[in-house]
Amino acid sequence: MEMRPPYRKLRLPTLTNLNSMLFETEADAIQWYESQERILTPDFLKTIPWDKVKDHPLDPALIPTLVYMRDVERFTSLYNDELARTPTGKDPAIKRFMERWSTEETTHGELFNRFLLEADFPTSDHWFEEAKKTIPLSYRISSQIVPRITNLFGHHFTAVHMTWGAIHELSVLNGYQRLWTLAKHPVLEHILRGIAREEAMHAFFYWSVARVKLTQSDFRQRLAKFIIEKFWTPVGQGSKRAHETNAVIQTLFSGVDGLELIHQRVTKRIQQLPGLEELQKVTNHVRTITQSPLIKI
């Protein structure tokens, strides 16, 4: 008998549906964001059938991707601390966003860990502390240096932070959609759909503030384009080693359909921002990685 659980009715809002809301200021964007109810409420969490996780097969090849996602979601608190030392993090509207964003991302990480636990993947109560120990020294050093460099540009660099964040959130959002499509695991899909709805709101906030900031200055547009073209790396790379990031990209986005998804839903969305109409960095990077020899973690 085919399983048709009621939680499949949870629909994912698309960024296309939000296009009609183009904010004039970051204050407008934070007002919108704070008006949105959380998706992963206590009532939603009660709907997760943890006892059914083992009833459905999970491809072992997807475990490294789940671990990567768990760790990177939880590492958000580290990025939050880093951003707090910059003018971007001190912006009142962005600071309010980051406080809620960090809390939501932490919940996402904990849900991934619980799923892994229920799927019999070995984990512990101290998994976060253990994951932090694997962060490369290069990231620890750069997290102290980079904020000092960005501070030289003052509030002009906020446009870069917000554009970078929009790329990351859009990538994560579509990565989760690819994961539940590949996994075909109803409980994991239920969890990922809930997480993805929150990620969609994060992505729209980042994109909206990036648009506001870029609209205000040609210099910011040139700066954002230069930084993204020269220094952008996929979400998680840095706190995770490059080969781990590349393995996740290959797992989720290999094939023509995976690359087309990235191009249509990430690259083209970022190209709607002022000054970034010709930016191809994300599509080109994913193409290079997915066409490289297979990487295993």
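Refer to the structure above for everything that follows.
Numbering of residues starts from 1 in every chain and runs along the sequence as written. Whole-chain, interface and lining totals are the exception, using all residues; otherwise, since this is a predicted model, local features are given only for residues with pLDDT of at least 70 and side-chain atom pairs are given and counted only at 80 or more. Only heavy atoms go into the side-chain values, all of them from the structure, while hydrogens and water stay out.

Q: I'd like to hear about the overall build of the chain, residue by residue, with values.
A: Going along the chain from the N terminus, every DSSP run of H or I of four or more residues is numbered as a helix, and every run of E of two or more is numbered as a strand. From N to C terminus, the chain includes 14 helices and zero strands. Ordering the α and β elements of the chain from the N terminus gives α-α-α-α-α-α-α-α-α-α-α-α-α-α. For the chain, the C-alpha atoms occupy an extent of roughly 60 × 40 × 40 Å along the three principal directions. A 1.4 Å probe rolled over the protein chains alone gives each residue an accessible area, and that area as a share of the maximum for its type sets the label: buried under 20%, exposed over 50%, partly exposed in between. When burial is assessed residue by residue, the chain has 55% of its 297 residues classed as buried. A total accessible area of about 14,300 Å² is found for the chain, and carbon and sulfur atoms account for 55% of it. Residues counted as positive are Lys and Arg, residues counted as negative are Asp and Glu, and His and the chain ends are not counted. Where a charge lies is defined by one atom per residue type: Lys uses NZ, Arg uses CZ, Asp uses CG and Glu uses CD. The positive charge centre, built from 38 side chains, and the negative charge centre, built from 35, are 3 Å apart in the chain. The Shrake-Rupley method, run with a 1.4 Å probe sphere, supplies the accessible areas, and residue values consider only the shown protein chains as cover.

Q: Can you break down a positive patch on the surface residue by residue, with the values?
A: Together, Arg85, Lys90, Lys95 and Arg148 make up a positively charged patch on the protein surface. Relative to the helices and strands, Arg85 resides in the loop between α4 (76–83) and α5 (87–90). Arg85 sits in the partly exposed class, given a relative accessible area of 35%. Two joining distances apply to patches: 9 Å for like charges and 5 Å for nonpolar side chains (Val, Leu, Ile, Met, Phe, Trp, Tyr), and every residue must have over 30% relative accessible area and no salt bridge. Note on definitions: salt bridges are taken to be side-chain nitrogens of Lys or Arg within 4 Å of carboxyl oxygens of Asp or Glu.

Q: Pulling in residues and values, what's your account of the packing of aromatic side chains?
A: Two aromatic rings from Phe, Tyr or Trp, using only the six-membered ring of Trp, form a pair when their centres are within 6.5 Å; if the ring planes differ by under 30 degrees the pair is stacked, by over 60 it is edge-to-face, and anything between is tilted. As enumerated under the stated definition, the model contains 16 aromatic pairs in all. Centroid distance Trp101 to Tyr206: 6.1 Å. Interplanar angle 85 degrees. Geometry classified as edge-to-face. Of this pair, Trp101 sits in helix α6 (residues 92–118) while Tyr206 sits in helix α10 (residues 186–215), and the two are 105 residues apart along the sequence. Of the two residues examined, Trp101 and Tyr206, each falls in the buried class. Ring-pair connections join several aromatic residues into one group, and the members of that group are Tyr33, Tyr79, Phe97, Trp101, Phe205 and Tyr206.

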